[in-house]
Amino acid sequence: MKKLINDPDQVVSDALAGIAAAHPRLSVDPKNRVITRAAQTRIGKVALVSGGGSGHEPLHGGFVGLGMLDAACPGEVFTSPVPGQMLTAAQSVDGGAGVVFVVKNYTGDVLNFGMAAELAQDEGIAVETVLVDDDVAVRDSTWTAGRRGTGATLFVEKIAGAAAERGASLAEVAAIGRRVNAASRSFAVALTSCTTPAAGRPGFDLPEDEIEVGVGIHGEPGRSREKIRPAKEIVADAMAAILDDQPLSEGEEVLVLVNGLGATPLLELYIVFGEVSSILGARGVRIARSLVGDYVTSLDMAGVSITLCRVNPELLALWDAPVDTPALRWGV
Amino acid sequence: MKKLINDPDQVVSDALAGIAAAHPRLSVDPKNRVITRAAQTRIGKVALVSGGGSGHEPLHGGFVGLGMLDAACPGEVFTSPVPGQMLTAAQSVDGGAGVVFVVKNYTGDVLNFGMAAELAQDEGIAVETVLVDDDVAVRDSTWTAGRRGTGATLFVEKIAGAAAERGASLAEVAAIGRRVNAASRSFAVALTSCTTPAAGRPGFDLPEDEIEVGVGIHGEPGRSREKIRPAKEIVADAMAAILDDQPLSEGEEVLVLVNGLGATPLLELYIVFGEVSSILGARGVRIARSLVGDYVTSLDMAGVSITLCRVNPELLALWDAPVDTPALRWGV
Amino acid sequence: MPEVLEAAAARDWMLESAASVARERGRLTELDAAIGDGDHGTNLQRGFTAVVAALGGFDPPTPGAVLVKAGTTLISSVGGASGPLYGSALRAVGKALDLPAADGKQLLAALAAGRDALQRLGGAVAGDKTMVDVWIPAVAEFDFALAGGASLPGAAASAAGAAGRGAEDTVPLQARKGRASYLGPRSIGHQDPGATSSALLFRALAVVLGREPG
Amino acid sequence: MPEVLEAAAARDWMLESAASVARERGRLTELDAAIGDGDHGTNLQRGFTAVVAALGGFDPPTPGAVLVKAGTTLISSVGGASGPLYGSALRAVGKALDLPAADGKQLLAALAAGRDALQRLGGAVAGDKTMVDVWIPAVAEFDFALAGGASLPGAAASAAGAAGRGAEDTVPLQARKGRASYLGPRSIGHQDPGATSSALLFRALAVVLGREPG
Ligand SMILES: Nc1ncnc2c1ncn2[C@@H]1O[C@H](COP(=O)(O)OP(=O)(O)O)[C@@H](O)[C@H]1O
Ligand SMILES: Nc1ncnc2c1ncn2[C@@H]1O[C@H](COP(=O)(O)OP(=O)(O)O)[C@@H](O)[C@H]1O
Ligand SMILES: [Mg+2]
Ligand SMILES: [Mg+2]
Ligand SMILES: [Mg+2]
Ligand SMILES: [Mg+2]
């Protein structure tokens, strides 16, 4: 394993020090491992708190700022944070209007955020939880822990964050977050696994001519293993999985996220985006807005995830609202 | 080689199609391979044109837009564009006030942009060329082709672009670009090589415990090969190379770019930034502004480059001026 | 050999668990890398290191207090799925041992409470390829042994054996809970990391209760 | 065998060059991967494919027009360092052959003009580990052979031999121009890709001039 780190056990602390130094508009509590906006929450504004295992940067810390999250709680690499972190975060950003927890649907995150919600409510903080589960590679059924939360997290945090900034109530912000999640679908393909500092070697080994299809963002193997094929075919399959699950009809509008998993050149992401856009174009589906780049990563995994979110003018206006975070910035 | 591509010979064309689909505020000429702003150049505004081999995305196409470049000319992967591209670009973006070519110092780029400048001048377009050569890993002497242009290109394009937006003259814009280059220094370290679609295998092979120190952005080996060490030590050496070449004294202000070469997790880049900031802090040098992320990449190379640019209030104001491009956006 | 579990033995159980987690860290992480995300060993090592620290200088009158403290510490230091699950289980065991010394029946009831807390929180049932597949047979065997007249150490030893077999028996199962469930049929053929670490905890209990007092 | 170079032979020279570049593409790219950026073979293949297309249906009265066209095409299709360099060199050769048929002396003068254009544009001198290290000895040998009474094909053959040796002689050199110079001493021990492709061009000329007319 070769990494630009000092010590596998210090990765998260060292990175937090760098985040603190790089982003004056954020404030980092290294002891409790909480990243908040430097500015206090406006009284009466609903606060958004998210978090999860580290290794997905810029998610979540890179989305803290005006118009998006109020706080992020980074856990160890690929390990959900502990309830104490979310409690500290909720206490420090609650503006009296309550706190929305944005939680990716993984057993660890669900359990830890769940305990944190109880603790926060005991402290008199109103908490609503929005569960993100957009990954269609996982069949949602009694046979699994349910769909994973992946790329849609960015859409939920941006749009719900904008609603909160506009003064929406706790129930409204949570409702919008849930609507965005319900309107979103994702699918990911990996060309390589990734290596956590602790494990020191890849989660799985892929031959030079094979890819993992339907992977998550934790280096776990995917739904199946296939031979590498032209991007056109790989994207066609991923889009089919998404569109089978959520058919889109002519004239509908979507947000598109073509997301690099960490080690994929932007040049390739643009090739993927080109294929996505011609598939949608052929169906008469309009790409209202899009992002191409690394937003929800899996350490040094090479691969791509595609996320679509069906939007209407209301959600689009919230998407376009000003945002000022390390990873997303416009309108300011 | 595993890549998300359709055909090694179609990589640049396919990516251009994706860029066109992803960025409505850009206009892409696929035949001549020129990326321009969708909006015509304001009459009287100096136009900035850059370009170079592909594989460094978001450089240069991702820097086209308000406050930065007017046009970018992507060559084949790691191959400088041909003079005809820059001529077409200059003709389509010249606002009557002349065109500045921002050229990274590589023989191929220098020769092709040089020929393009002659052709453009024959067409009656005034051209000034700003050569970027910030990489201190290369000893500038009669013994080499001179320093390579790397991370400082972003600083030059942003700051000179802001000056042009403010109505500076051709000579002034070129002069500011040259000042930024003269005030900038870079150094890069690679943990892996990168693989061009055409070559199909890495430019060099690195054992699991070795790194290449002083690399460029074209997968070429670096100045020397060393054992992997803690990030703290690797960064200390890189900073020493930079600061030996351009000593910074207490109280001076710098822009800092901690740039991923393509396959480096953001988590690691933040660790590197933390080390950079403590080294500068110890010298009393203030980080006025910073960027952490992938901006000047080398396909799927794992590694990092560090660029410092000494700034004064005037340059800082130009840095802070509004910019609206796919890869850099603020103030709008 | 002790016929009751006292506070000191409860502490020893946690220290022995910490030691064996440290020994098996690599294996637990490897098992998790195969069907999860490769952090189970690191997670538990971090957690039990915190438990050892928390128990240092803490000596309460009851075994329950020790285990509640250990569980709370795991919840606040592990994260992941296993932190809340083990934390809640140990807290439940501890809450049922709010007395100076627990005999076999009392310990059995406490372990059953831990198993129930685990299932309540995680919603897993037998055969889902989780820790539960160790807790259920281990507690049942503990019960069976006592009923058969076994001593406390003897029952703990039998339970540890059942726990080990339960962990091995997760190999052919398809996971229906936790990360491994994402793999669907591909989760078959691998031993569940959490079941494996649960077996370590039951083994640690047997080791501690099997020691000659001294 | 032809004692003069006419337009048809000039075209054949370019077609033969295109063919050998296509054959050697992989090797040229590998040499470039070792001390450059691994695109030399692809660059020249792209360029000469364009040259072949440009020369199709184009039949001018002079060999010079053919080579000027070829050079211009390389400049507009190759990019990189080699595009402008080969393009300018061939254009210079062509400009010096503005006549229906060139004899040995005239071809020598034209090749010398190409060499000079190459050096003027790139600023490289003998020993810098570039194409120049092939052009200089090849042109010198062409001159020497003619002076020794060799026929045009004979002089071209000798020049091709010298070109091949010149390419091999770049192995021990440390690059002082182009990307390879970034490697400093680490560029020693590798053959220069551009020198290698230049040797292919001189070999192609010898092959074409060595053919029985038919
Ligand atoms: N719903 C659940 N009920 C019981 N045990 C579970 C459940 N989900 C996961 N586990 C256990 O947790 C173990 C994984 O723990 P760990 O790797 O530390 O957490 P994470 O999966 O969050 O990385 C699994 O091997 C499994 O035994
Ligand atoms: N200044 C120069 N003068 C002459 N030849 C040069 C010079 N710089 C580079 N070359 C030649 O160009 C070759 C590399 O060509 P190519 O790989 O196509 O371009 P690039 O280096 O831009 O990738 C080198 O092997 C060398 O022979
Ligand atoms: Mg985990
Ligand atoms: Mg090149
Ligand atoms: Mg795990
Ligand atoms: Mg090259």
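Owing to the predicted nature of the structure, the values given are computational and were not obtained by experimental measurement. (Residues numbered from 1 in each chain as written. Chains lettered and ligands numbered in written order. Predicted model: local features only at pLDDT ≥ 70, side-chain atom pairs only at ≥ 80, totals over all residues. Heavy atoms only, no water.)

### Observations regarding the site of ligand 1
Turning to step 1, where the next piece is worked out: Looking at ligand 1, there are 21 residues lining it, with Asp37(C), Asp39(C), Ser82(C), Asp192(C) and Gly194(C) nearest.
Turning to step 2, where the next piece is worked out: Surrounding ligand 1 is a set of residues that belongs to chains A and C.
Turning to step 3, where the next piece is worked out: Within the side chain of Asp37(C), one N or O atom sits 2.9 Å away from an oxygen atom of ligand 1.
Turning to step 4, where the next piece is worked out: One of the side-chain nitrogen or oxygen atoms of Arg179(C) is found 3.3 Å away from an oxygen atom of ligand 1.
Turning to step 5, where the next piece is worked out: In the complex, 96% of the free accessible area of ligand 1, which totals 570 Å², lies under the protein chains.
Turning to step 6, where the next piece is worked out: Of all the elements in the fold, those that place two or more residues in the shell around ligand 1 are helix H2 (40-55), helix H4 (82-95) and helix H8 (193-210) of chain C.
Turning to step 7, where the next piece is worked out: It is H8(C) that provides the largest number of residues to the shell around ligand 1, a total of three residues. (Near = heavy atom within 4 Å. Polar contact = N/O pair within 3.5 Å; in protein donor to acceptor, adjacent residues only side chain to side chain. Areas by Shrake-Rupley, 256 points an atom, 1.4 Å probe, with all protein chains shown as cover. Helix = DSSP H or I, 4+ residues; strand = E, 2+ residues; numbered from the N terminus.)

### Some points on the arrangement of the chains
Turning to step 1, where the next piece is worked out: If you rank the three pairs of chains in contact by how many contacts each has, first place goes to chains A and B.
Turning to step 2, where the next piece is worked out: Considering only C-alpha positions, the minimal separation of the non-contacting chain B and chain C is 17 Å.
Turning to step 3, where the next piece is worked out: At their nearest point, the C-alpha atoms of chain A and chain D are still 17 Å apart, with no contact between the two. (Contact = heavy atoms within 4.5 Å.)

### Brief notes about the domain arrangement of chain A
All names here are of chain A.
Turning to step 1, where the next piece is worked out: Examined at the domain level, chain A breaks down into domain 1 (11-182) and domain 2 (184-321).
Turning to step 2, where the next piece is worked out: Counting residues at the interface gives 34 residues for domain 1 and 39 residues for domain 2.
Turning to step 3, where the next piece is worked out: Both faces combined, the contact of domain 1 with domain 2 buries some 3,000 Å², and carbon together with sulfur accounts for 63% of it.
Turning to step 4, where the next piece is worked out: Counting the surface domain 1 buries against domain 2, the share from its top three residues, Phe 78, Val 136 and Phe 155, is 21%.
Turning to step 5, where the next piece is worked out: At the junction of domain 1 and domain 2, the tally comes to three salt bridges. (Domains from an automatic or database assignment. Buried area = accessible area lost by both parts, 1.4 Å probe. Salt bridge = Lys/Arg side-chain N within 4 Å of Asp/Glu carboxyl O.)

### Some points on the interface of chain D and chain B
Interfaces are frequently sized by the accessible area removed from exposure as the parts join.
Turning to step 1, where the next piece is worked out: Each partner contributes to the interface: chain D provides 31 residues, whereas chain B provides 36 residues.
Turning to step 2, where the next piece is worked out: The tally of links between chain D and chain B comes to three salt bridges.
Turning to step 3, where the next piece is worked out: Between Arg201(B) and Glu30(D) there is a salt bridge; the shortest N-O distance is 3.3 Å.
Turning to step 4, where the next piece is worked out: Applying the counting rule to chain D against chain B returns ten residue pairs in polar contact (both at pLDDT 80 or more).
Turning to step 5, where the next piece is worked out: At the level of elements, helix H1 (7-35), helix H2 (40-55), helix H3 (63-77) and helix H4 (82-95) of chain D are the ones that each hand at least two residues to the side of chain D that touches chain B.
Turning to step 6, where the next piece is worked out: For the side of chain D that touches chain B, the class distribution of residues is eleven nonpolar, twelve polar and eight charged. (Nonpolar A, V, L, I, M, F, W, Y, C, P; charged D, E, K, R; others polar.)

### A short note on the coordination of the magnesium ion (ligand 5)
All names here are of chain C.
Turning to step 1, where the next piece is worked out: Looking at the magnesium ion (ligand 5), the protein donor atoms are Asp 32 (OD), Asp 37 (OD) and Asp 39 (OD), and they sit 2.0 to 2.1 Å from it.
Turning to step 2, where the next piece is worked out: Look at where the donors of the magnesium ion (ligand 5) fall in the sequence and you get D-x4-D-x1-D.
Turning to step 3, where the next piece is worked out: If you look at the magnesium ion (ligand 5) and the magnesium ion (ligand 3), they sit 3.5 Å from each other and are both ligated by Asp 37.
Turning to step 4, where the next piece is worked out: Look at Asp 32 and you get buried, because its relative accessible area is 9%. (Donors = N, O, S within 2.8 Å, 3.2 Å for Na, K, Ca; no water. Buried < 20%, exposed > 50% of the residue type's maximum accessible area, 1.4 Å probe, protein only.)

### A closer look at the interface of chain B and chain A
Turning to step 1, where the next piece is worked out: Every contact between the two is made by 57 residues of chain B and, on the other side, 57 residues of chain A.
Turning to step 2, where the next piece is worked out: When chain B packs against chain A, the two sides together hide about 4,400 Å² of surface, and 66% of this comes from carbon and sulfur.
Turning to step 3, where the next piece is worked out: Of all residues in chain B, Lys2(B), Leu4(B) and Leu267(B) bury the most surface against chain A, accounting for 21% of the area lost on that side.
Turning to step 4, where the next piece is worked out: The tally of links between chain B and chain A comes to two salt bridges.
Turning to step 5, where the next piece is worked out: Measuring nitrogen to oxygen at the nearest pair gives 3.8 Å for the salt bridge that ties Lys3(A) to Glu268(B).
Turning to step 6, where the next piece is worked out: Inspection of the chain B/chain A interface yields 24 residue pairs in polar contact (both at pLDDT 80 or more).
Turning to step 7, where the next piece is worked out: For the side of chain B that touches chain A, the secondary structure elements donating two or more residues are helix H1 (11-22), strand S8 (210-213), helix H6 (231-245), helix H7 (266-282), strand S11 (286-293), strand S12 (303-311) and strand S14 (329-330) of chain B.

### Thoughts on the pairing of strand S2 (residues 34-37) of chain B
Residue and element names in this part refer to chain B.
Turning to step 1, where the next piece is worked out: Two strands pair when backbone bridges link them, and strand S1 (residues 26-29) and S2 are joined in this way by four bridges, in the antiparallel orientation. Bridging from a neighbouring strand, Ser 27 pairs with Thr 36 of S2.
Turning to step 2, where the next piece is worked out: Hairpin connection, S1 to S2: the antiparallel pair is bridged by four residues, and Arg 33 has positive phi, about 55°. (Pairing = 2+ DSSP bridges.)

### Remarks on the packing of H1(D) against H2(D)
Residue and element names in this part refer to chain D.
Turning to step 1, where the next piece is worked out: One can describe the packing of H1 onto H2 by two numbers: an axis separation of 7 Å at closest approach and a directional angle of 165°. As far as their axial angle goes, H2 and H1 are roughly antiparallel. H1 and H2 meet at a crossing whose hand is left-handed. Contact residues: H1 offers Arg 11, Met 14, Leu 15, Ser 17, Ala 18, Val 21, Ala 22, Arg 25, Leu 28, Thr 29 and Asp 32, while H2 offers His 40, Gly 41, Thr 42, Leu 44, Gln 45, Phe 48, Val 51, Val 52 and Leu 55. (Axes fitted to C-alpha atoms, helices over the stretch in contact; angles between N-to-C directions. Parallel < 35°, antiparallel > 145°, perpendicular 65-115°, else oblique. Left-handed = near helix turned anticlockwise from the far one by under 90°.)

### Digging into the coordination of the magnesium ion (ligand 6)
All names here are of chain D.
Turning to step 1, where the next piece is worked out: Those protein atoms acting as donors to the magnesium ion (ligand 6) are Asp 32 (OD), Asp 37 (OD) and Asp 39 (OD), and they sit at 2.0 to 2.1 Å.
Turning to step 2, where the next piece is worked out: One chain supplies every donor for the magnesium ion (ligand 6), spaced along it as D-x4-D-x1-D.
Turning to step 3, where the next piece is worked out: A distance of 3.4 Å spans the gap from the magnesium ion (ligand 6) to the magnesium ion (ligand 4), which Asp 37 bridges by coordinating each metal. The two residues Asp 32 and Asp 39 agree in class, both being buried.

### Structural notes on unusual backbone geometry
Turning to step 1, where the next piece is worked out: Cis rather than trans, the peptide bond between Glu57(A) and Pro58(A) has omega equal to 10°.
Turning to step 2, where the next piece is worked out: Inspection of the secondary structure assignment puts Pro58(A) in the loop between strand S3 (47-54) and strand S4 (71-77).
Turning to step 3, where the next piece is worked out: In the Ramachandran plot, Leu299(A) falls in the positive-phi region, its phi being about 50° despite a non-glycine side chain.
Turning to step 4, where the next piece is worked out: Looking at the secondary structure, you find Leu299(A) in the loop between strand S11 (286-293) and strand S12 (303-311).
Turning to step 5, where the next piece is worked out: Taking the relative accessible area as the measure of exposure, Leu299(A) reaches 2% and is therefore buried.
Turning to step 6, where the next piece is worked out: In the Ramachandran plot, Phe78(B) falls in the positive-phi region, its phi being about 60° despite a non-glycine side chain.
Turning to step 7, where the next piece is worked out: By secondary structure assignment, the location of Phe78(B) is in the loop between strand S4 (71-77) and helix H2 (83-93).

### Quick word on the relation of the copies chain B and chain A
Turning to step 1, where the next piece is worked out: Taken as rigid bodies, chain B and chain A are interconverted by a rotation of 180° and an axial shift of 0.0 Å, the fit giving an RMSD of 0.0 Å. Taken together, the rotation angle and the small translation identify this as a two-fold axis. Considering only C-alpha atoms, the residue of chain B closest to the rotation axis is Ala263(B), which sits at 1.9 Å.
Turning to step 2, where the next piece is worked out: Take the interface residues of chain B: 100% of them recur as interface residues in chain A, which is what a same-surface contact looks like. (Least-squares fit on C-alpha atoms with pLDDT ≥ 70 in both.)

### Structural notes on the sheet that holds S4(A)
All names here are of chain A.
Turning to step 1, where the next piece is worked out: Spatially, the six strands line up as an open sheet ordered S1-S2-S4-S3-S5-S6, and their pairing is mixed. Looking at which strands have only one partner, the edges of the open sheet turn out to be strand S1 (26-29) and strand S6 (127-132). The mean inter-strand angle of the sheet, taken between neighbouring strand axes irrespective of direction, is 20°.
Turning to step 2, where the next piece is worked out: Bridge count between S3 and S4: five bridges; the pairing is parallel. Paired with Val 49 across the bridge in S4 is Ala 71.
Turning to step 3, where the next piece is worked out: Lying on the sheet, helix H1 (residues 11-22) is in contact with S1, strand S2 (34-37), S3 and S4; it crosses S4 at an angle near 145°.
Turning to step 4, where the next piece is worked out: Sheet contacts for helix H4 (residues 152-165): S2, S3, strand S5 (99-104) and S6; angle to S3, the most-contacted strand, approximately 160°.

### Section: the site of ligand 2
Turning to step 1, where the next piece is worked out: With respect to spatial proximity, 21 residues lie near ligand 2, and among them Asp37(D), Asp39(D), His40(D), Ser82(D) and Asp192(D) are the closest.
Turning to step 2, where the next piece is worked out: More than one chain approaches ligand 2, the contributing ones being chains B and D.
Turning to step 3, where the next piece is worked out: Gly122(D) is positioned with one of its backbone polar atoms (N or O) 3.0 Å from a nitrogen atom of ligand 2.
Turning to step 4, where the next piece is worked out: Measuring from an oxygen atom of ligand 2, one finds a side-chain N or O atom of Arg179(D) at 3.3 Å.
Turning to step 5, where the next piece is worked out: Within the complex, the protein chains bury 96% of what would otherwise be the 560 Å² of accessible surface of ligand 2.
Turning to step 6, where the next piece is worked out: Secondary structure elements with two or more residues in the shell around ligand 2: H2, H4 and helix H8 (193-210) of chain D.
Turning to step 7, where the next piece is worked out: Tallying contributions element by element places H8(D) first for the shell around ligand 2, with three residues.

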